[in-house]
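# Observations on the model geometry
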Amino acid sequence: MSAKKVKKDEAKAPEPVATCAACTDPVLAAEAEGKKTIHVHHVTRVEGHGNIVVVIGENNAVETVRWEVPEAPRFFEAILQGRSYKDVHQIVSRICGICSIGHQLSSLQATEDAMNIRISAQTVTLRKLAIHAENLQSHLLHLAYLVLPDLMGVGSVIPLAETHKPQLVGLIALRRLANEFSRTICGRTTHPQRMVPGGFTKLPTEEELLVLLNGFRDSLPGFREAANLFASLAGKFPDFSRETEYIGLVSPSEYALYRGEVGSSDASRKPASFYRNVTQEYCVPQSTAKWTKNKRNSFMVGALSRYKLNHMHLKPTAQEVAKLVGLTPETVNPYHNNLAQLVECVHSVEDSMELVESLLVGGVKREKAPVIRPRAGRGVGAVEVPRGILFHSYEYDAKGRMVEADCVIPTNMNHANIQHDLEALVPMIADKSEAEIELTTSMLVRAYDPCISCSTHCLDITPNQESKPDRGVKFVYKGR
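Anyway, here's the lowdown on the structure attached to this text. Model, not experiment: these values are computed from the prediction. (Residues numbered from 1 in each chain as written. Predicted model: local features only at pLDDT ≥ 70, side-chain atom pairs only at ≥ 80, totals over all residues. Heavy atoms only, no water.)

## Some details on the packing of helix α8 (residues 206-233) against helix α12 (residues 337-362)
For the pair α8 and α12, interaxial distance at closest approach is 9 Å and the crossing angle is 160°. Classed by the angle they form, the pair α8 and α12 counts as roughly antiparallel. Handedness of the crossing formed by α8 with α12: left-handed. The residues of α12 that touch α8, namely those facing Glu206, Leu209, Leu210, Leu213, Phe216, Arg217, Ser219, Leu220, Phe223, Ala226, Ala227 and Phe230, are Leu342, Cys345, Val346, Val349, Ser352, Met353, Val356, Glu357, Leu359 and Leu360. Broken down by class, the residue content of the contact of α8 with α12 amounts to 17 nonpolar, 2 polar and 3 charged. (Axes fitted to C-alpha atoms, helices over the stretch in contact; angles between N-to-C directions. Helix = DSSP H or I, 4+ residues; strand = E, 2+ residues; numbered from the N terminus. Parallel < 35°, antiparallel > 145°, perpendicular 65-115°, else oblique. Left-handed = near helix turned anticlockwise from the far one by under 90°. Contact = heavy atoms within 4.5 Å. Nonpolar A, V, L, I, M, F, W, Y, C, P; charged D, E, K, R; others polar.)

Next comes the structure, spelled out in structure tokens:
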């Protein structure tokens, strides 16, 4: 593993451990006392910076288990204030280089909801294709480059180029198709250009769609090979289960990604406008990202949640792949989120084939841009991005300028669940070596495919107590 662990220095007094500002646990002191300590700073093969801290005392008694997010926050919600509705969707696509399409679509939904903008059936179809393109891009990146090394027992994807070259080349080819998919629909492989409130500025040609359709058909054998590979490695995932709540978009007619109601394994369905009742964000000292809870003390979002809530709407080949890799709706093993990602890839290809065929049969029509009359109002958008359900909520003034924005990020919603998973997992493996515990806990975090930078929204601006004794008040900016 390339993650760094804090080391003892017998010649010098131990220096403070670099943790998040509010976390002061004496990890070095625990090491000096002969306790088993794991300090992964930072977890590798994830987006952003997150730390794992574990201290195990005598008789394998677990004393500390903590998931930390120390990364500096990025206040996109504040950046949006005063901006025109014409610019907002382009700004928020920069929140993430992996989920830029999803952020833009959720943003467009929120703006269109606030201003009562209606979109055509063709626009809905193209936006669904955009979501599938992003799903494929992200899932294949995660599975091939970030997860596979753990299952193969190596530290990175580089050694696999020699030991498993055909399988790796096959996965790279599939991701190349996903990139072309995004470019064809959105104009770029990331940070889409063509989607605007009410429609598209430029449409894919029928020739481009036909090339894309043939690419989908040709890719199915490659996905079957990938399924065979992961089926052969399924036993490498740790045998761990923990009951939790699963939340995601649901629909009576489709595997919900672009639109639907907010569904829960524990509660009734709700419209997206009730997102705050579902997410219930709060701050914790060890994290610059807010945590969330609904019916329990945490919940999970992402591919596994979507699969559990929508598996009956999977396309046929995707159902076959789920059976092949041993994924069932009853699983409560968070590591199986990676298997659900693979199943979703196959579903995205199959569903995209049907969507493209429907466009080709009807013909891609150049549509007149809707007349948009800015008005004061509120709107909420909700789409499923690779890491889970994403909410954007906006309030505009009568001139179409942003008054208030609120973005609730999927990884935000998973942080508390990661913490509770770690608390349940570590006692089960406390008798293992430090290296084994480090690998197993890091694999758990990677199973969530977290986008940590996107989720950082909190800032402790406690004044200096010595220089300003009369202002000893703690303020936390919550991104409102």
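There is more to say after this.
## Quick word on the sheet that holds strand β11 (residues 402-408)
If you walk across this open sheet you meet the 3 strands as β9-β10-β11, and the pairing is antiparallel. Two strands bound the open sheet, and with one partner strand each, they are β9 (377-385) and β11. Here the average twist between neighbouring strands, direction ignored, is 15°. As judged from the 6 bridges shared by strand β10 (residues 388-396) and β11, these two strands associate in the antiparallel manner. Paired with His392 across the bridge in β11 is Cys407. Of the strands in this sheet, β9 and β10 are in contact with helix α4 (residues 100-114), which crosses β9 at around 150°. Against the sheet, helix α13 (residues 410-429) contacts β9, β10 and β11, and its axis sits at roughly 130° relative to β10. (Pairing = 2+ DSSP bridges.)

## Quick notes on the environment of Pro159
Here Pro159 shows up in the loop between α5 (121-152) and α6 (160-163). Distance in space between the C-alpha atoms of Pro159 and Pro149 is 8.6 Å, their sequence separation being 10 residues.

## Some points on the packing of aromatic side chains
This structure, assessed with the given rule, holds 4 aromatic pairs. Ring centres of Tyr282 and Trp291 lie 6.3 Å apart, and the angle between their planes is 75°; on these two criteria the pair is classed as edge-to-face. A relative accessible area of 27% means that Tyr282 is categorised as partly exposed. The ring centre of Tyr282 lies 5.7 Å from the NZ or CZ of Lys293, which sits over that ring. Above the face of the Tyr246 ring, Lys308 is positioned so that its terminal group lies 4.7 Å from the ring centre. (Phe/Tyr/Trp six-rings, centres within 6.5 Å; stacked < 30°, edge-to-face > 60°. Buried < 20%, exposed > 50% of the residue type's maximum accessible area, 1.4 Å probe, protein only. Lys NZ or Arg CZ within 6 Å of the ring centre and 35° of its normal.)

## Section: helix α3 (residues 85-92)
Buried residues of α3: Tyr85, Val88, His89, Ile91 and Val92, and no others. Summarising the axial view, the buried residues of α3 lie within an arc of 165°, below the 170-degree limit, and thus occupy one face. Check the buried side of α3 and you find it contacts α2 (76-80), α4, β4 (195-196), β10 and β11. (Arc of directions from axis to C-beta.)

## Section: the pattern of salt bridges
Going through the model one piece at a time under the given rule, you end up with 21 salt bridges. For Glu180, the salt bridge is made with Arg183, and the minimal N-O distance between the two is 3.0 Å. On the criterion of helical spacing, the pair formed by Glu180 and Arg183 is a turn pair, its members being 3 residues apart in helix α7 (residues 165-186). Given a relative accessible area of 35%, Glu180 falls into the partly exposed group. A salt bridge links Arg401 to Asp397; its shortest N-O distance comes to 3.0 Å. (Salt bridge = Lys/Arg side-chain N within 4 Å of Asp/Glu carboxyl O.)

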